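Notes for the structure review
As a plain string of letters, each chain reads:
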Amino acid sequence: VRFALHPFSLVKTRLQMQKNHIPGGGELDKIRYRGTLDAFRKISKYEGIRGLYKGFGVSTIGILSGQLYITTYELGRMRFKELNERFKILSPDQMNPVRNALAGGCASLCSQTIVVPVDVVSQKQMVHTGLRKGEQQMRGLAAIGRQILAEDGVRGFYKGFGASLSVYAPSSAIWWGSYGYFREALHALEGMAGRKRTNASGRLVEATAGASAGIVATVVTNPMDVARTRLQVDGLAKNRTNLRSTLRYLWVHEGPLSLMKGVQPRIMATVPSSVLIITVYELVKRLSRKTPPKDESQ
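Let me begin by describing the structure that accompanies this report.

**A closer look at the nonpolar core**
Counting 14 residues, the largest nonpolar core has Tyr-73, Trp-175, Trp-176, Tyr-179, Ile-278 and Tyr-281 as the members making the most contacts within it. For this core, the secondary structure elements donating two or more residues are α4 (63-87), α5 (92-126), α7 (161-192), α8 (199-234) and α10 (263-288). Here Tyr-73 is in contact with Asn-100, Ala-103, Gly-104, Ala-107, Trp-176 and Tyr-281, once residues within four sequence places are set aside. In this structure, Ile-31, Phe-40, Ile-43 and Ala-269 belong to the second largest nonpolar core, which totals 13 residues.

**A few points about a nonpolar patch on the surface**
The grouping of Leu-83, Phe-87, Ile-89, Leu-90, Val-98 and Leu-102 at the surface amounts to a nonpolar patch, some 520 Å² of accessible area in total. At the level of elements, α4 and α5 are the ones that each hand at least two residues to the nonpolar patch. Relative to the assigned elements, Leu-102 resides in helix α5.

**Digging into the environment of Gly-160**
Structurally, Gly-160 is set in the loop between α6 (141-152) and α7. On the basis of relative accessibility, which here comes to 17%, the residue Gly-160 falls in the buried class. For Gly-160 and Val-116, which are 44 residues apart along the polypeptide, the C-alpha to C-alpha distance reads 7.8 Å. For Gly-160, the residues in contact, after removing those within four places along its chain, are Arg-228, Leu-231 and Gln-232.

**Topic: the pattern of salt bridges**
Summed over all chains, the structure comprises 18 salt bridges. One salt bridge in this structure joins Lys-12 and Asp-225, with 3.4 Å as the shortest N-O distance. One end of the pair, Lys-12, is in helix α1 (residues 2-17); the other, Asp-225, is in helix α8, and 213 residues separate them in sequence. Each member of the pair Lys-12 and Asp-225 is classed as buried. Residues joined by salt bridges that share partners form a network here, namely Lys-12, Asp-119, Asp-225, Arg-228 and Arg-266.

About the thresholds
- Along each chain, the written sequence defines residue order, and numbers are assigned to residues from 1.
- Reporting in this predicted model follows two pLDDT cut-offs: at least 70 for local features of residues, and 80 or more for side-chain atom pairs to be given and counted; totals over whole chains, interfaces and linings ignore these cut-offs and use all residues.
- Hydrogens are left out, water is left out, and the side-chain values use all remaining heavy atoms of the structure.
- We define the nonpolar core as a collection of buried residues of types Ala, Val, Leu, Ile, Met, Phe, Trp, Tyr and Cys that are connected through side-chain atoms lying within 4.5 Å of one another.
- Here's how the labels work: a residue is buried when its accessible area is under 20% of the maximum for its type, exposed when over 50%, partly exposed in between, all with a 1.4 Å probe on protein chains only.
- In this text, helices come from DSSP runs of H or I with a minimum length of four residues, and strands from runs of E with a minimum of two, each type numbered from the N-terminal end.
- Contacts are residue-level and defined by heavy atoms, with any inter-residue pair within 4.5 Å sufficient.
- Patch building starts from residues that exceed 30% relative accessible area and form no salt bridge, then joins like charges within 9 Å and nonpolar side chains (Val, Leu, Ile, Met, Phe, Trp, Tyr) within 5 Å.
- The method behind every accessible area is Shrake-Rupley, applied with a 1.4 Å probe, and residues are considered shielded solely by the protein chains displayed.
- Salt-bridge detection follows one rule: a side-chain nitrogen of Lys or Arg within 4 Å of a carboxyl oxygen of Asp or Glu.

Spatial relationships are all this shows, so hold off on functional conclusions.
Dropping the structure here:
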């Protein structure tokens, strides 16, 4: 999955790092992208297919965060359910999307301790085109790591950590909360239509709900993701020291539309990954149960 979707992540990063005020013309036209498809075309033409996989090797380290994420998520769901049963805060039906969202946010908070250093290094490789005048040859993981340590110390690996939390924690919370909501809504529509729920229809509902949740989470958090990418790749500029000032800079100097840079490749990557992840997740849960649940929200 990572191999198939990495080019979308690279294109998203290139588009988000593209400054609107830098003119094109001449050699610069090779690295000026008019959109998602234009970026794919130019990168493939001038950098080769391998250009679409810059930073892939480093990003695979992030696989380790997946285990931490899903473990934290499941533990969070159980604890929030227990708290609700103890204090009678909401009805079980009302609590399901709430506990999904809270557990998703907590899971993202924990996993970012691994994700952020990986992103800092991989994004530096992603934005390297080799086409700019005077641009150095792309360095490997060890060389980039040594440079970060020499310039900023260990803290350098966590540039934009707060911005990442502002993107991924809400994104995770929105995704899981939306998934629960869409799944229940689709099942309700299925019942209103008088259709009997089957295994096939259940899987279709899960996939549709996952894709819809991915789109919602991606669009809502894209402005923060643009600012996060700028902070992690460019570092801290004089007028852009945190997420808020970076968002203000983008709005004033590059226009409101700059906050939606890279949203298309993000959606193109999020939808298939959301469908695959939720399909496998629900399958593993069903296979792991010793007894059937009373309802599918368990």
